[in-house]
Amino acid sequence: MRKILFGVIITLLVLFTFKYCGDRQDDKIVLKESTALIQEQIKNVGKLVVTEGHFSEVFTYKNSKLVFGDLLEAEKQAIVIVNADVTIAYDLAKIEYKIDQTTKTLQIISIPKEEIKISPDFEYYDIQADFLNPFEAKDYNAIKKTVNTSLMKKIEASDLKSNAQNRLISELSKFLILTNSLGWTLVYNETPIQDFSQLNNLPAILD
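Remember, predicted model here, so these are calculated numbers, not experimental data.

1. Here's the deal with unusual backbone geometry
(1) Moving on: The phi dihedral of Lys 104 is positive, around 55°, even though this residue is not glycine.
(2) Moving on: With relative accessibility at 38%, the residue Lys 104 sits in the partly exposed group.
(3) Moving on: Phi at Asp 126 is positive, roughly 50°, even though this residue is not glycine.
(4) Moving on: Here Asp 126 lies in strand β5 (residues 115-129).

In structure tokens form, the structure reads like this:
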């Protein structure tokens, strides 16, 4: 009787051991598959997200200087029409992240800052210049600098940056959907992201 009981116990221990080892192996396989899926999603999202806009400006450029010992004032001026294409982009290939298999977390360490590119086209009209104060390279550089400053103010006042941030959040939401479906946690700025409302607060963090 004891031999039978002992045999039953040994059999149960062996079965339990095989089951435990099998479960551990299955867990490792699932973990590896989940990690591979997350890495693949990051690779798919790692692209350039671009928002485009167009702005037009009309400037009157004036410059004067005193000559002949301040006896005369030589003036020059021009009307400048500027048509500019503007792009705001996030290079998501530059996202820094860390995958922790032990805690099942995808931690976004940093998100690249937006890249603003202004491509202006200048048309000059009614150029008037004195012989003693001609148009020079420094005048055109001053015009370009003034235009860029003015366009940056227009960009800040427009919805171009917010549209770009919305596109960024749309891409990052794919991380949240995937991690939630796999039972993982998405973390940014040391804060677990559990729902889309937290993602919508990212622009305040990015500014």
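2. Points about helix α2 (residues 137-157)
(1) Moving on: When the terminal C-alpha atoms of α2 are compared, their 31 Å separation across 21 residues agrees well with the 30 Å that a helix rising 1.5 Å per residue should span.
(2) Moving on: Within α2, burial applies to Asp 139, Ile 143, Val 147, Leu 151 and Ile 155. Each buried residue of α2 lies within a common arc of 140° when the element is viewed along its axis, so the set occupies one face. In α2, the exposed positions that point more than 90 degrees away from the buried face belong to Lys 138, Lys 145 and Lys 153.

3. Brief notes about the pattern of salt bridges
(1) Moving on: Summed over all chains, the structure comprises eight salt bridges.
(2) Moving on: The residue Lys 161 makes a salt bridge to Glu 114 at a minimum N-O spacing of 3.4 Å. Remark: Glu 114 occurs in the loop between β4 (105-110) and β5 and Lys 161 occurs in helix α3 (residues 160-182); sequence separation between them is 47 residues. With respect to class, Lys 161 is no different from Glu 114; both count as buried.
(3) Moving on: For Glu 171, the salt bridge is made with Lys 174, and the minimal N-O distance between the two is 3.2 Å. Of this pair, Glu 171 and Lys 174 both sit in helix α3, three residues apart, which is roughly one turn of the helix.
(4) Moving on: Given a relative accessible area of 8%, Glu 171 falls into the buried group.

4. Regarding the packing of aromatic side chains
(1) Moving on: Throughout the structure, instances matching the rule amount to four aromatic pairs.
(2) Moving on: Ring centres of Tyr 124 and Tyr 140 lie 5.2 Å apart, and the angle between their planes is 85°; this geometry places the pair in the edge-to-face category. Pair noted here: Tyr 124 is in strand β5 and Tyr 140 is in helix α2, with a separation of 16 residues, a long-range link.
(3) Moving on: Classification of Tyr 140 by relative accessible area gives partly exposed; the value is 30%.
(4) Moving on: Here a set of aromatic residues connected by ring pairs shows up, and it is made of Tyr 61, Phe 122, Tyr 124, Phe 135 and Tyr 140.
(5) Moving on: Geometry around Phe 135 places Lys 76 over its ring, the cationic atom sitting 5.7 Å from the centre.

5. As for the pairing of strand β6 (residues 185-188)
Along any regular strand, the residues point their side chains to alternate faces of the sheet.
(1) Moving on: Pairing of β4 with β6, which is carried by four bridges, proceeds in the parallel orientation. Opposite Thr 105, over in β6, you have Thr 185 as the bridge partner.
(2) Moving on: Here three bridges tie β6 to strand β7 (residues 191-193), and the two strands are oriented antiparallel to one another. For Leu 186, the partnering residue across the bridge sits in β7 and is Ile 193.
(3) Moving on: Taken together, β6 and the strand that follows it, β7, pair antiparallel across an intervening segment of two residues, in which Asn 189 is found at a positive phi of about 55°.

6. Focus: the confidence of the model for the protein
(1) Moving on: Averaged over all residues, the pLDDT of the protein is 80; the fraction at 70 or higher stands at 80%.
(2) Moving on: Within the protein, no element has a lower average pLDDT than helix α1 (residues 2-45), which sits at 58, and none a higher one than α2, at 91.
(3) Moving on: When the criterion is pLDDT under 50, residues 11-24 qualifies, and its contacts beyond four places in sequence or with other chains add up to zero contacts.

7. Remarks on a nonpolar patch on the surface
(1) Moving on: Residues Val 58, Ile 79 and Tyr 125 make up a contiguous nonpolar surface patch of about 270 Å² in total accessible area.
(2) Moving on: Within the secondary structure layout, Tyr 125 lies in strand β5.

8. Describing a negative patch on the surface
(1) Moving on: A cluster of acidic side chains, namely Glu 52, Asp 85, Asp 121 and Glu 123, defines a negative patch on the protein surface.
(2) Moving on: Looking at where Asp 121 falls in the secondary structure, it is placed in strand β5.
(3) Moving on: Taking the relative accessible area as the measure of exposure, Asp 121 reaches 42% and is therefore partly exposed.

Cut-offs and rules
- Here the residue index of a chain counts from 1 through its sequence in written order.
- Note on the predicted model: pLDDT of at least 70 is required for a residue's local features to be given, and 80 or more for side-chain atom pairs to be given and counted; whole-chain, interface and lining totals, by contrast, use all residues.
- Neither water nor hydrogens contribute to the side-chain values; these are computed over all heavy atoms in the structure.
- Throughout, exposure labels follow a simple rule: accessible area from a 1.4 Å probe, protein chains only, divided by the maximum for the residue type, with under 20% read as buried, over 50% as exposed, and the rest as partly exposed.
- Each helix is a run of DSSP H or I of at least 4 residues and each strand a run of E of at least 2, with the numbering of both proceeding from the N terminus.
- Each residue after the first adds 1.5 Å to the expected span of a helix.
- Of all possible arcs, the one meant is that of the directions from the helix axis to the C-beta atoms.
- We define a salt bridge as a side-chain nitrogen of Lys or Arg found within 4 Å of a carboxyl oxygen belonging to Asp or Glu.
- For this analysis, a ring pair means two rings from Phe, Tyr or Trp (six-membered ring only for Trp) whose centres lie within 6.5 Å, classed as stacked if their planes differ by under 30 degrees, edge-to-face if by over 60, and tilted for the remaining angles.
- Ring-over charges, as used throughout, are those where CZ of Arg or NZ of Lys falls within 6 Å of the ring centre and within 35 degrees of the ring normal.
- Strand pairing follows a simple DSSP-based rule, namely that at least 2 bridges must link the two strands.
- On a range of 0 to 100, pLDDT expresses the predictor's confidence in each residue.
- Any two residues whose heavy atoms approach within 4.5 Å at even a single point are treated as in contact.
- Distance thresholds for patches are 9 Å for like charges and 5 Å for nonpolar side chains (Val, Leu, Ile, Met, Phe, Trp, Tyr), applied to residues having over 30% relative accessible area and no salt bridge.
- Method for areas: the Shrake-Rupley scheme with a 1.4 Å probe, in which residue coverage is limited to the protein chains shown.
- In this charge count, Lys and Arg are treated as positive and Asp and Glu as negative; neither His nor the chain ends contribute.
- Here the site of a charge means atom NZ of a Lys, CZ of an Arg, CG of an Asp or CD of a Glu.

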